[in-house]
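Structural overview
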Amino acid sequence: MLETINLKKVFKKNTAVSDVNLYMEKGESVGLLGPNGAGKSTAISMISSLIKPTAGDVTWHGKSVVKDPNVIRMHLGVVPQEIALYKELTAMENLRFFGRIYGLKGKALEKQILKVLEIVGLTERKDELVKHYSGGMQRRINIAVALLHEPDFIIMDEPTVGIDPQSRNYILEMVQQLNQEKGMTVLYTSHYMEEVERLCDRIYIMDHGKIIAAGTKQELTSILSSEESILIELDRPYPALITELEQIEGVLRVIETEKGIKLITPKNSRLLGSIFQAAERQQAQIVSLNVQIPTLEDVFLHLTGRKLRD
Ligand SMILES: Nc1ncnc2c1ncn2[C@@H]1O[C@H](COP(=O)(O)OP(=O)(O)OP(=O)(O)O)[C@@H](O)[C@H]1O
Ligand SMILES: [Mg+2]
């Protein structure tokens, strides 16, 4: 349905996106995961025909979006990273304004507005000024705007950044419903791997403008299927323990975490004995210990040597 072919964008000397090849089938929910500055928003802007690629192409059902943006525009709803609403107007007035831009009017427009307000759960508050809304509610109206013309494909650019947990959860559930119950195709960008894990059938991991891995969650984590991580929660930090753990034969990496230490080891490496001994030598109090199979975060760390959110 949608395909990008060697998509590239250069801003002056900065290559924001290079050689991005991705595809989406109808009804799929696809995640674009990457840290700040990875090129996610730039890629999305090219897919949605807001900016022109320096090279490459985007096709919608085989037709070039770069040559003719109209082939995709009416099918696509975009929720931009920055909230784009008139704060001095009510939610209802904003929806009317944007609805008219899409060519909706009269009864059809009013009907659509009530429908999208219901989807984002803000029917009761529709006549309040947007500036009196919380960040999470503004986000939800932003999503409502993107749904007004009943697109069958929606792109959401980090829709949960900087909002309260309740709104975040509401948005995640809503995206899931749109995808699973209404069959809407979704492209969802985030740097929260747990969101992408929850929402998406397939995932592209992007870094420095390039796609560095792609596949289902299972496929991606199987990159690391030969590894497992051991999470050790400690009562306080023990810097000397880190050094000691690094010296245990077989330990691949030692990472300091918020609550303690994470060890990456080969699968079934039987290192628990040595770990306990090291902790005892350092008189470190182990609060809990967990052996985990790899997460997408681990895959990212493995591929780039960095965390998703550094
Ligand atoms: N209009 C622009 N002019 C110049 N450089 C730009 C422009 N837009 C983006 N960039 C640069 O392109 C790179 C990729 O930015 P982009 O916004 O696509 O990243 P992102 O993955 O969306 O990051 P974030 O998670 O922070 O939103 C960055 O180095 C950024 O500074
Ligand atoms: Mg962005």
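We now turn to the structure provided with this report. Keep in mind that this is a model prediction, so the values were computed, not measured. (Residues numbered from 1 in each chain as written. Chains lettered and ligands numbered in written order. Predicted model: local features only at pLDDT ≥ 70, side-chain atom pairs only at ≥ 80, totals over all residues. Heavy atoms only, no water.)

**So, the nonpolar core**
The tendency in soluble globular proteins is for nonpolar side chains to be buried as a group. Rule in force here: To qualify as a nonpolar core, a set must consist of buried Ala, Val, Leu, Ile, Met, Phe, Trp, Tyr and Cys residues joined through side-chain atoms within 4.5 Å. Think of it in three bands: residues with accessible area under 20% of the maximum for their type are buried, residues over 50% are exposed, and the middle band is partly exposed, with areas taken using a 1.4 Å probe on protein chains only. Here a strand is any run of E in DSSP of at least two residues, a helix any run of H or I of at least four, and the numbering for each starts at the N terminus. Should any heavy atoms of two residues lie within 4.5 Å, those residues are counted as being in contact.
Formed by 48 residues in total, the largest nonpolar core has its most connected members in L33, L95, I143, I154, Y188, I203 and I205. Residue contributions to this core peak at seven residues, all from helix α5 (residues 135–147). Discounting residues that sit within four places of it in the chain, I205 has contacts with L33, K210, I211, I212, A213, L220, V299 and F300. Of all hydrophobic cores here, the second largest spans 25 residues; its members include L2, L22, I44 and V71.

**Remarks on the coordination of the magnesium ion (ligand 2)**
This is how the line gets drawn: Metal donors: N, O and S atoms at distances within 2.8 Å, or within 3.2 Å for Na, K and Ca, with water omitted from the atom set so that some sites may seem incomplete.
In this structure, S41 (OG) and Q81 (OE1) serve as the protein donors to the magnesium ion (ligand 2), at separations of 2.0 to 2.1 Å. In this pair, S41 is assigned in helix α1 (residues 40–47) and Q81 in the loop between β6 (76–79) and α3 (91–101), connecting sequence segments 40 residues apart. A relative accessible area of 24% means that S41 is categorised as partly exposed. Relative accessible area serves as the criterion here: at 31%, Q81 is assigned to the partly exposed category.

**A word on the pairing of strand β2 (residues 14–24)**
Selection rule: Here a strand pair is declared whenever DSSP counts at least two bridges between the two strands.
As judged from the seven bridges shared by strand β1 (residues 2–11) and β2, these two strands associate in the antiparallel manner. Bridged to L7 within β2 is V20. From the end of β1 to the start of β2, which pair antiparallel, there are two residues, and K12 there has a positive phi angle of about 50°.

**Observations regarding the site of ligand 1**
Threshold: One heavy atom suffices: a residue is near a molecule or strand as soon as one of its heavy atoms comes within 4 Å of it. Polar contacts, as counted here, are pairs of nitrogen or oxygen atoms within 3.5 Å of one another; within protein the pair requires one atom able to donate a hydrogen and one able to accept it, and residues that are adjacent in sequence qualify only if both atoms are side-chain atoms. Computed with the Shrake-Rupley method and a 1.4 Å probe, the accessible areas treat only the protein chains shown as cover for residues. By the convention adopted, Pro, Cys, Tyr, Trp, Phe, Met, Ile, Leu, Val and Ala count as nonpolar, Lys, Arg, Asp and Glu as charged, and the other residues, Gly among them, as polar.
K40, S41, T42, Q81 and E158 are the nearest of the 14 residues found near ligand 1. Within the side chain of E158, a nitrogen or oxygen atom sits 2.7 Å from an oxygen atom of ligand 1. Against a free-state accessible area of 640 Å², the protein chains account for coverage of 61% of ligand 1. Those elements that provide at least two residues to the shell around ligand 1 are β2 and α1. The element best represented in the shell around ligand 1 is α1, accounting for three residues. Class assignment for the residues of the shell around ligand 1 results in four nonpolar, eight polar and two charged.

**A closer look at the sheet that holds strand β11 (residues 227–234)**
For clarity, the threshold we go by: Orientation is described by axes fitted as lines to C-alpha atoms, over the contacting stretch for helices, and by angles from 0 to 180 degrees between their N-to-C directions.
The strand order across the open sheet built from four strands is β12-β13-β11-β14, with neighbouring strands paired in antiparallel fashion. Edge positions in the sheet fall to β12 (253–256) and β14 (286–292), since each has one partner strand and no second. Each strand axis lies, on average, 20° off the axis of its neighbour in the sheet, ignoring direction. In the sheet, β12 pairs with strand β13 (residues 260–266) via four bridges, with the strands oriented antiparallel. Counterpart to I255 in the pairing with β13 is K262. This element, helix α10 (residues 272–281), spans β11, β13 and β14 of the sheet and lies at about 155° to β14. Most of the contacts of helix α11 (residues 296–304) go to β12, to which it runs at about 115°, and overall it touches β11, β12 and β13.

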